[in-house]
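Okay, here's what each chain looks like letter by letter:
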Amino acid sequence: MTMLRLATSLLLTTALFAPALARAQDAAQPVDPAPEAPAETPVEEAPQEEAPEISIPGGEIVVTGQRDRNIQRAAPQVVSILGSAEIARTGEGNIAGALGRVTGLSVVGNGYVYVRGLGDRYSLALLNGSPLPSPEPLKRVVPLDLFPSSIIASSLVQKSYSVNYPGEFGGGVINLTTKSTPNEPFISFGGGLGYDSETTNQLGYTYYGSSTDWTGFDNGQRDLTSGLQNFFASGERLSAGVLDNVELAKGIVNTRNGLTQRIPNMPVNTNLSISAGKSFELGDTTLGVIATAGYSNKWVTRDVLSQTSFESDLADLQSDFRRVITDNRIVANGMLGLGLEFGRNKIRWTNLYIRDTLKHTRISLGQRNQTDADWQQQDTAWYERQLIDTQFVAELKPFDGVSVDVRGGYANSQREAPYELGFEYVRTNVASDPLGEFFVNNLDGNAGRANLSFSDLNENLWSGGIDVSYKIMPSVTATVGYSYADFNRTSSRRDFQFRAVELPDGVNMFRPDYLLSPAVIEAFNVQLIDTNEGFPAFLATLRNHAAFAKIDAQLTSDLQLDAGVRFEKGNMAVVPTQVFKDTPIVGAGTQINNDYWLPAATLTWQLRDDMQVRVNASKTIARPQFRELIFQFYFDPDTNRTYRGNPNLQDSRLTNAEARYEWYFDRDQRFSLSGFFKRIDNPIETFVTAESDNFITSFANAPTADLYGAEVELQKYFELADWGGMWEARRIALNVNYTYTKSKLKVNEGDTTSYFQAASTRALDYFQNGVPLTGQSEHIANVQFGLEDTDGLSQQTLLFSYASKRVFSRGLLNTGQPDVVQDPGLRIDFVARQGFKLFKRELEMKFEARNLTGRRNIEFQQSGANRVEVNSYDVGRVVSLSATMKF
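Each chain has its residues counted from 1, running along the sequence as written. With the structure being a predicted model, the display of local features is reserved for residues of pLDDT at least 70 and the display and counting of side-chain atom pairs for 80 or more, all residues being used for whole-chain, interface and lining totals. To obtain the side-chain values, all non-hydrogen atoms of the structure were included, while hydrogens and water were left out.

Enquirer: Which parts of the structure should I look at to understand unusual backbone geometry?
Expert: The phi angle of most residues is negative, glycine excepted, and most peptide bonds adopt the trans form. For Gln757, which is not glycine, the phi dihedral falls at a positive 65°. Within the secondary structure, Gln757 is located in the loop between β33 (730-746) and β34 (779-789). Even without being a glycine, Asn851 presents a positive backbone phi close to 55°. In this text, helices come from DSSP runs of H or I with a minimum length of four residues, and strands from runs of E with a minimum of two, each type numbered from the N-terminal end. One can find Asn851 in the loop between β39 (841-850) and β40 (859-863). Judged by its relative accessible area of 1%, Asn851 falls in the buried class. Exposure is judged per residue with a 1.4 Å probe applied to protein chains only, and the accessible area is read against the type maximum: over 50% gives exposed, under 20% gives buried, and values in between give partly exposed.

Enquirer: Even after reading the chapter, I still don't get the sheet that holds strand β27 (residues 641-644), so can you show me in this structure?
Expert: By definition, the strands of a sheet pair up through backbone hydrogen bonds, in either a parallel or an antiparallel sense. Note on pairing: DSSP must find at least two bridges between two strands before they are called paired. Pairing in this open sheet of 4 strands is mixed, and the strands run β26-β27-β31-β30 from one edge to the other. Strands at the two margins of the open sheet, each flanked by one partner only, are β26 (633-636) and β30 (684-691). Direction aside, the axes of adjacent strands within the sheet are offset by 35° on average. Only the stretch in contact is used when fitting a helix axis, every axis being a line fitted to C-alpha atoms; angles between N-to-C directions are given from 0 to 180 degrees.

Enquirer: Before we go on, may I ask you to explain the packing of aromatic side chains in this structure?
Expert: Here the distance between the centres and the angle between the planes together describe a pair of aromatic rings. For this analysis, a ring pair means two rings from Phe, Tyr or Trp (six-membered ring only for Trp) whose centres lie within 6.5 Å, classed as stacked if their planes differ by under 30 degrees, edge-to-face if by over 60, and tilted for the remaining angles. Applying the stated criterion to the full structure yields 21 aromatic pairs. Ring centres 6.0 Å apart and planes at 80° place the aromatic pair Phe232 and Phe454 in the edge-to-face group. Of this pair, Phe232 sits in helix α5 (residues 226-234) while Phe454 sits in strand β19 (residues 449-473); the two residues are 222 residues apart in sequence, bridging distant segments of the chain. Judged by its relative accessible area of 25%, Phe232 is partly exposed. Residue classification places Phe454 among the buried positions, given a relative accessible area of 8%. One aromatic cluster in this structure is built from Phe231, Phe232, Tyr419, Phe454 and Phe496. We note Arg302 situated over the ring of Tyr873; from NZ or CZ to the ring centre the distance is 5.6 Å. Distance and angle both matter: a charge sits over a ring if NZ of Lys or CZ of Arg is within 6 Å of the ring centre and within 35 degrees of the ring normal. For the cation-ring pair, Lys716 lies above Phe718, with the distance from its terminal atom to the ring centre recorded as 5.5 Å.

Enquirer: Looking at this structure, how should I read the environment of Asn857?
Expert: The residue Asn857 is located in the loop between β39 and β40 in this model. Looking at Asn857, the relative accessible area reads 14%, which means it is buried. With 64 residues separating them in the primary sequence, Asn857 and Leu793 have C-alpha atoms 34 Å apart. With residues near it in sequence (within four places) discarded, Asn857 still touches Gln822, Asn871, Ser872, Tyr873 and Val875. Two N or O atoms form a polar contact when they lie within 3.5 Å of each other; inside protein one atom must be a possible hydrogen donor and the other a possible acceptor, and for residues adjacent in sequence the pair counts only when both atoms belong to side chains. At a separation of 3.4 Å, a polar atom in the side chain of Asn857 contacts the side chain of Glu859. From its side chain, Asn857 meets the backbone oxygen of Asn871 in a polar contact 3.0 Å long. By definition in these notes, contact holds between two residues if any of their heavy atoms fall within 4.5 Å.

Enquirer: Help me out: how do you make sense of the side chain of Arg323 in this one?
Expert: Turning to its location among the elements, Arg323 is positioned in strand β15 (residues 319-342). Only four residue types enter the tally: Lys and Arg on the positive side, Asp and Glu on the negative side, with His and both chain ends excluded. Salt bridge, as used here: a side-chain nitrogen of Lys or Arg that lies within 4 Å of a carboxyl oxygen of Asp or Glu. Although Arg323 is buried, it makes no salt bridge; Asp379 carries the closest opposite charge, 5.6 Å away. In terms of polar contacts, Arg323 uses its side chain to reach the side chain of Ser364, at 3.1 Å.

Read these as geometric descriptors, not functional statements.
Next up, the structure:
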């Protein structure tokens, strides 16, 4: 309550006094600056500029006249735009958070954006028009929380398909555009502090790791021991008895990685940033340079209630744990961009580096198997995610009426998780047991355990494309294009256990770093056992060739048609790679080779100068994720779930239709209403089974699914000039959007599916008819209500976001158990931005108050009065203050 009162007081104080401060200071910058134009579809142009010619992938929009100055209106498709002003107004630190405010979009999990209720597998993310690899083992889509808002100039969300985009287009495409070279030279420095009511100055946990962990880079302390290096290089199996399992176990666990530490007062969150840019005139050519760098260090502690049940009515709990998790997330990023403009031609080279590191510590206490014993668990991990991307884009206009767009890029993503350690101690609470009141770890897999895992992912992506547009006549433009993408991923995971036979009493009570010290390992013959000697590594590739042709024609003064067809040839292969020298790989693994013709058309009817209606129809596809095609176990620490793939998965095919009414009743003000429908053939859905007291999530193709809904959006400004005085240059900004989405699987008797090595192909054995798609909320709403100054930077914005309950995971298969439901609910944020002149320099102050009502994370199952809290915890109220000075 104290934190809520503080946040409310700061909110009211800022809202009341910021207008007066704004009038008392010189304006630092305009409140609604023109966003930096993306290479493909610029967001907005400054009011005083001439109407520009704007290029998009596979064509161009010619903006002529005042009515077409709004790009969202002039684009031939259904698009939503987040420019630099809109991103800044949300105050979000990463682009995923900002996109969560767009109509029909919701953020699920760690930065995965769902468009109109369709999961992340149905969303396509591009950077400057080029595809991106993912550093996540379970995904081929990149989590958008990797991208700091500071490097993004704009984001375009296109919800109706057009053939100039890749065919893997279900809910929509999200095209992020990095900042481009500036018109005026600048250098800016920024920094901020943040307070989390559930974490900052509260109890948390960590482990030492290394002295450089605060940078997000390990100093070598997590390198493999010499014994492990030799073992991995040998290709031998531990079960073969060739290697000394006892000697190999030594030196792995030590005080740096096996000893958790209590921090009674967790530190504040911090962030730093620097950016600079300048343009140089070289005769008739302009060379621009922009560079940015950022660093953030954030702590989050969660006190999680985690329960499971095997019963159909959830009457009895299989496990009941309280887990205290502290995550230290360190993000370092840098970007270097070069731009060259000569005549009507533009060449752009963008280089991006992002490193996102998570230091994970978890302490758990609970019961399981419906016994009186207590189980205490300790887990430590270090997850490194890294993205390196370099892109070349050229927009050339060699002749009148001809434009050529060329793009090429290379990207590499990596994820490394060395030394994931898990320990479990047991207290039997049995009076006859001499150690019944103590926690012990016998290292036998029953009365205690010690697990060790190493995982590594590396993905390379080469991509390129060329589009040529020719203006056949003033009202008709024809475009043809070709694109190529080559994904190549290697992934491995090695899992081990430390095993002993009859550890003596007393020794089995040692803390982890003593329990697995070299002396104890030698004295009591503790061995390292490989628990995953199947196929622990795989190679995955996807090569996609595509060509398209389309026309953009102004049929009459009121009718515009954008129509075309795309041909895609995709070859996907997932094969195990040889790890053990006694097991050569035989066979080609899983291969999916398909060709598709994908048509799309959008007809725009201008009802009057400020109103138009769009109608769109298209066909698109969705492919399985790489790891979903591998029949092996994979534990995801983010969701605390174990997954296993299905080599029998096939592509999904989508038929899409949409109609949208748009009314642009004033500059930057609009109202829109739309309806949409999607039919998905062979949608990939999850199901859950129980094996050896563990829940296993796997995948199969359901027969069909339908998704339909409606969206409404209003953006309106209310001028306050009539109030006079300090209100003369101020206005109220209101942005409201709401999305209704309904979906259901359609499974009937006689429908079949295919699950690897399963006896049953009956679809009803895996899926229920009529249930919604996972991750789909029926209602999503966002409201932004604020005050802002039209003469200078002064904004105070309240942000409301609501998402109704959605299925997060399926219930246990063939038990009638209810699904796991996530309840995001209502979240309220407040953001204030104020510009000042300080020593004749521009200074921007930003105050944020997030989650003002303290909305919890709630994931549960419920059957009647019985409720299982699967992953529920309090989420802190966060208050932060930052400043940026521009020179």
